[in-house]
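# Descriptive structure summary
In case you want the letters, here they are:
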Amino acid sequence: MIKERKSGQLIVISAPSGCGKGSVINGLLKRNKNLWLSVSTTSRQIRENDIPGVTYNFVTEEEFKEKIKEGFFLEYTNYVGNYYGTPKGTIKEKLDQGIDVILEIEIEGAANIKKLIPEAIFIFILPPSLKTMVKRLQKRGTDSKEKIIKRFHTAYKEINEVTKYNYVVVNDILEDAIDKVEAIITAEKCRVDRIEEVFVDTKEEEIHELLMDDEKAFDNESLSEKLDLSLIHISEPTRRSYIS
């Protein structure tokens, strides 16, 4: 009875450093094959656990600035001294194919996307506490003490931006956080404004006419005798998603 839009959803996920948004996103990608992560480009140094082309596309600062001139990015920003940008690439192509696209971007970048695509879903990931966030930053072992302090001060300011997002998820227990983000994505698919058309098929119309024309339909003769209800097909949405 419901025909949904076939286009995918654009999902923007942001978080201060040390909140584990990358782990949440990786968990989502493993569970849902209809999700595609747009890989951002950055000028920051490669860390030990980074996989070029998977975690980020790594370029030099000079190369990044050249890409800006070429109009390569949908949006870009400078975060803690490094450039981050979202390539235009295949994002529109994926959405048109009905694939949900995740953008893992910083707060400023998310604000730029909201101006361009306000109907996107904006999710903010928070740590259970600032103390936990600092411990996670220290555990990385990739940043100097000065860099960690700078990231902490930036994160402290960023947390105040949470009200500009549609949803907030606290990443205390990773699996719980993944469950919540997955539930948000599923709920968004059920929004009324995603319905393209509501319709009835031939058998449904026949039942309606029968009931309207014969007020004693139930008293004199059962519907099953007048109409083979086993032939009725209730149309399913074009896309469905469940939480496993």
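Predicted model, so just to flag it, every value in this text is computed and none were measured. (Residues numbered from 1 in each chain as written. Predicted model: local features only at pLDDT ≥ 70, side-chain atom pairs only at ≥ 80, totals over all residues. Heavy atoms only, no water.)

Our focus in this paragraph is the pattern of salt bridges. Under the criterion given, the structure shown has nine salt bridges. The partner of Glu182 in a salt bridge is Arg31, and the shortest N-O contact between them spans 2.8 Å. Of this pair, Glu182 sits in helix α7 (residues 174–189) while Arg31 sits in helix α1 (residues 21–31), and the two are 151 residues apart along the sequence. The class for Glu182 is buried, based on a relative accessible area of 7%. For the salt bridge of Glu61 with Lys65, the shortest nitrogen-to-oxygen distance reads 3.2 Å. One end of the pair, Glu61, and the other, Lys65, are both in helix α2 (residues 61–69), four residues apart, so they sit about a helical turn from each other. Accessibility expressed as a relative area gives 34% for Glu61, which makes it partly exposed. Assessed through its relative accessible area of 37%, Lys65 is described here as partly exposed. Salt bridges sharing common partners tie together Arg31, Glu175, Asp179 and Glu182. (Salt bridge = Lys/Arg side-chain N within 4 Å of Asp/Glu carboxyl O. Helix = DSSP H or I, 4+ residues; strand = E, 2+ residues; numbered from the N terminus. Buried < 20%, exposed > 50% of the residue type's maximum accessible area, 1.4 Å probe, protein only.)

Turning our attention to the packing of aromatic side chains. A full pass over the atoms with the stated rule returns 10 aromatic pairs. A centroid spacing of 4.5 Å and a plane angle of 20 degrees characterise the contact between Phe64 and Phe73, whose relative ring orientation is stacked. By the burial criterion, Phe64 is buried, and Phe73 matches it. Pairing Phe72 with Phe73 gives two aromatic rings, centres 5.1 Å apart and planes at 85 degrees, and the pair type is edge-to-face. Members of the aromatic cluster, joined through ring pairs, are Phe64, Phe72, Phe73, Tyr76 and Tyr83. When the ring centre of Phe72 is taken as origin, the NZ or CZ atom of Lys67, which lies over that ring, is 4.3 Å away. (Phe/Tyr/Trp six-rings, centres within 6.5 Å; stacked < 30°, edge-to-face > 60°. Lys NZ or Arg CZ within 6 Å of the ring centre and 35° of its normal.)

Here the focus is the environment of Ile159. Assignment of secondary structure puts Ile159 in the loop between α6 (145–158) and β10 (167–170). Separated by 32 residues in sequence, Ile159 and Pro127 place their C-alpha atoms 9.9 Å apart. Beyond its immediate chain neighbours, meaning those up to four positions away, Ile159 contacts Pro16, Phe124, Leu126 and Leu130. (Contact = heavy atoms within 4.5 Å.)

As for its position among the elements, Thr41 is in strand β4 (residues 41–42). Given the relative accessible area of 2%, Thr41 is considered buried. When near neighbours in sequence (up to four residues on either side) are disregarded, Thr41 contacts Asn57, Val59, Phe64, Phe72, Phe73, Tyr83, Tyr84, Gly85 and Pro87.

Counting buried positions over the five residues of strand β2 (residues 10–14) gives five, a clear majority of the element. Burial of β2 is two-sided: the residues Leu10, Val12 and Ser14 facing one way and the residues Ile11 and Ile13 facing the other way are all buried. Judged from the four bridges that link them, β2 and strand β9 (residues 121–126) form a sheet pairing that is parallel. Along β9, the bridge assignment pairs Ser14 with Phe124. (Pairing = 2+ DSSP bridges.)

What follows concerns the nonpolar core. In terms of nonpolar packing, the biggest core is built from 21 residues, with Ile11, Ile13, Leu28, Ile102, Ile123, Ile125 and Val181 touching the most fellow members. The leading source of residues in this core is α7, at five residues. For Ile125, the contacting residues outside a window of four places in its chain are Ile13, Ser14, Ala15, Pro16, Cys19, Lys21, Val169, Asn171 and Val181. Counting residues in hydrophobic clusters, the runner-up holds 15 residues, among them Leu103, Ala110, Phe124 and Tyr165. (Core = buried A, V, L, I, M, F, W, Y, C linked by side-chain atoms within 4.5 Å.)

Nothing here speaks to function; it is all geometry.
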